[in-house]
Amino acid sequence: MHSHRVTQLALLLLSSALPCHVLAAEPSPNFQAELQKATSQAMLLQLQPAQHKGVLVEVQKTHPSKQWVMGSATLLLPDHIDEAPETRLFMGQYVKNNWLVGIEGTDQFKQLIEQAPDNLFVSGEKPWLLKSLNAPLPPELQDRLLADIQTGLGLPWAENDSWRLTGGAHGDDQTSRPYNSLDFAGGDGVVRAPRDGRIYQSCVRNGSGLISIVHDNGFSTSYYHMKELTNLGNGVAVAKGTYLGRIGVGLPCGGSTTGPHVHFALKQGGNKTAVDSKIIGGWTFREGGRPYEGYAIRNGTRVNVGGSLRNYGGGGSSLPMGSITPGKGNDKVNLRQSPSLNAPIVGSLPNGETVTISCTAQGDWVDGVWGRTQLWNWLTINAWVSDGFLDTGSNQAVAPPCAASPNDV
């Protein structure tokens, strides 16, 4: 399946802009080196990495005319950098004696897929890629509240099994943002596809490598450090639960690791996206104050780094919940129109009533049952309640921040 893979390290020289007019004749005998140069340039211009060891360009598909190619470009990391290199798909078209290259996450990439001959791809691959690239934003992103975002993804192991969260939200190179990555280990060690998709492999060395899956809903996922990788070909359809590999300590493209695990990274629209507030496997993941911190929460149950997570699959919702806890001498808690003690009362709830939280905001200070706090919770019943009178299992926010307060507050 890798017969067309180019394994040489791409040159890091810059070339002039590549015009797109009339197709040229078959590329010159040096077309591979020219393609490496153009792809490396496009990758570095897009990502602008602070440090790297080069770009590995691998051709995965070549059209019989040799004027169209598809492959992967991987940013190689120094050995001391924790944690994983970034890989992107690319499309290349030979135009007027130059390579025009589009890197995943750019309009150029999408346009080249649309224009490329159908027989460059395996059956069903081209429409799948275009469907993913054209997938609409989840409805939650269009709301006034920065609510949880349902990715439709499970966790990367068998449903209903439990693994440990060994590393909370972090970037690909430890400190970079967005914090798009999580680390997992445990269970039977078998990493599986969290949703249907199309699979791509890059940087395969000694049984390890980088695996990426493009899903149909605008999200894609990648996996690093694994061993005993699947032998599925690039662009082949995979179903949810398909075997990808086993957790390991592989470093085929650089980086570092302290023990066997899988580094799981998330992209949306071809670009890295934060895991914060995303629902994956039925859990809402939240980042901490530093890389590798943070937690996951589901229905009021919070799991910190080192804890066990059950994979509930890609459906459903996991908005956090809490229990109403009135102060001494009271049997109910007032609900407010805005996060203020002076705001109009819009209702009340009795002791022990369970509520669901959409998001949180800072408001008036309140001396509550759980101490003094400025934290207020916007409930799904369209009312505010102070966190001082709500038992969520944490003194910190368990829901994402409200992008704009309801009722214009």
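What follows deals with unusual backbone geometry. One non-glycine residue, Glu228, lies in positive phi territory at about 50 degrees. Take Glu228: it is sitting in the loop between strand E12 (219–224) and strand E13 (237–238). Taking the relative accessible area as the measure of exposure, Glu228 reaches 45% and is therefore partly exposed. Not every positive phi belongs to a glycine, and Asn382 is a case in point at roughly 65 degrees. Counting through the fold element by element, Asn382 comes out in the loop between strand E26 (371–379) and strand E27 (383–386).

Time to look at helix H1 (residues 31–47). Here H1 is 17 residues long and its end C-alpha atoms lie 24 Å apart, about the 24 Å a rise of 1.5 Å per residue gives. The complete set of buried residues in H1 reads Phe31, Leu35, Gln36, Ala38, Thr39, Ser40, Gln41, Ala42, Met43 and Leu44. Backbone geometry just after H1 places Gln48 at a positive phi near 45 degrees.

The biggest cluster of nonpolar side chains holds 33 residues, and the ones touching the most others in it are Phe184, Tyr223, Leu244, Phe285 and Leu309. Not counting the four nearest positions on each side in its chain, Leu244 is found in contact with Val191, Arg192, Ala193, Ile199, Ile211, Ile213, Tyr223, Met226, Glu228, Leu229 and Thr230.

In this section: the pairing of strand E5 (residues 98–103). Within E5, 5 of the 6 residues are buried, leaving the element largely enclosed by the surrounding structure. In textbook terms, the turn of a hairpin is the stretch between consecutive antiparallel strands, and for strand E4 (residues 86–95) and E5 this stretch comprises 2 residues, one of which, Lys96, has a positive phi near 50 degrees.

What follows deals with the pairing of strand E11 (residues 208–215). Within E11, 8 of the 8 residues are buried, leaving the element largely enclosed by the surrounding structure. Residues of E11 alternate between two faces, with Ser208, Leu210, Ser212 and Val214 on one and Gly209, Ile211, Ile213 and His215 on the opposite face, all of them buried. Pairing analysis gives 7 bridges linking strand E10 (residues 197–205) to E11, with the strands arranged antiparallel. Along E11, the bridge assignment pairs Gly197 with His215. Between E10 and E11, which pair antiparallel one after the other, the connecting turn spans 2 residues, and Asn206 there sits at a positive phi close to 55 degrees. Sheet analysis places E11 next to E12, joined by 4 bridges and oriented antiparallel. Looking across to E12, one finds that Val214 is bridged to Ser220.

Read from one edge of the open sheet, 5 strands run E6-E17-E18-E19-E20, paired in mixed fashion. Lying at the two open borders of the sheet, with one neighbouring strand each, are strand E6 (149–153) and strand E20 (301–304). In this sheet, neighbouring strand axes are inclined to one another by 30 degrees on average, regardless of whether the strands run parallel or antiparallel. Taken together, the 4 bridges between strand E19 (residues 295–298) and E20 define a ladder with antiparallel strand orientation. Of the residues in E20, the one forming a bridge with Ala296 is Val303.

Let us look at the packing of aromatic side chains. Counting across every chain of the model gives 8 aromatic pairs. Each ring, one from Tyr94 and one from Trp99, has its centre 5.2 Å from the other, and the planes form 65 degrees; the classification is edge-to-face. Overall, the relative accessible area of 3% leaves Tyr94 in the buried class. According to the relative accessible area criterion, Trp99 is buried, its value standing at 2%. With a centroid separation of 6.2 Å and an interplanar angle of 50 degrees, the aromatic rings of Trp283 and Tyr312 are classed as tilted.

Scanning all chains against the criterion turns up 2 disulfides. Covalently, Cys203 is tied to Cys253 through a disulfide, its sulfur atoms 1.4 Å apart. With the S-S bond torsion at 120 degrees, the cross-link from Cys203 to Cys253 turns out right-handed. Of this pair, Cys203 sits in strand E10 while Cys253 is found in the loop between strand E14 (243–246) and strand E15 (262–268), placing the two residues 50 residues apart along the sequence. Note on accessibility: Cys203 and Cys253 belong to one class, buried. Bridging Cys359 to Cys402, the disulfide has an S-S length of 1.9 Å. Between Cys359 and Cys402, the disulfide has an S-S torsion of 90 degrees and is therefore right-handed. You can see Cys359 sitting in strand E25 (residues 354–368) and its partner Cys402 sitting in the segment after strand E28 (390–391), a full 43 residues away along the chain.

What counts and what doesn't
Residues numbered from 1 in each chain as written. Predicted model: local features only at pLDDT ≥ 70, side-chain atom pairs only at ≥ 80, totals over all residues. Heavy atoms only, no water. Helix = DSSP H or I, 4+ residues; strand = E, 2+ residues; numbered from the N terminus. Buried < 20%, exposed > 50% of the residue type's maximum accessible area, 1.4 Å probe, protein only. Expected span 1.5 Å × (residues − 1). Core = buried A, V, L, I, M, F, W, Y, C linked by side-chain atoms within 4.5 Å. Contact = heavy atoms within 4.5 Å. Pairing = 2+ DSSP bridges. Axes fitted to C-alpha atoms, helices over the stretch in contact; angles between N-to-C directions. Phe/Tyr/Trp six-rings, centres within 6.5 Å; stacked < 30°, edge-to-face > 60°. Disulfide = S-S within 2.5 Å.

In short, geometric facts, not functional conclusions.
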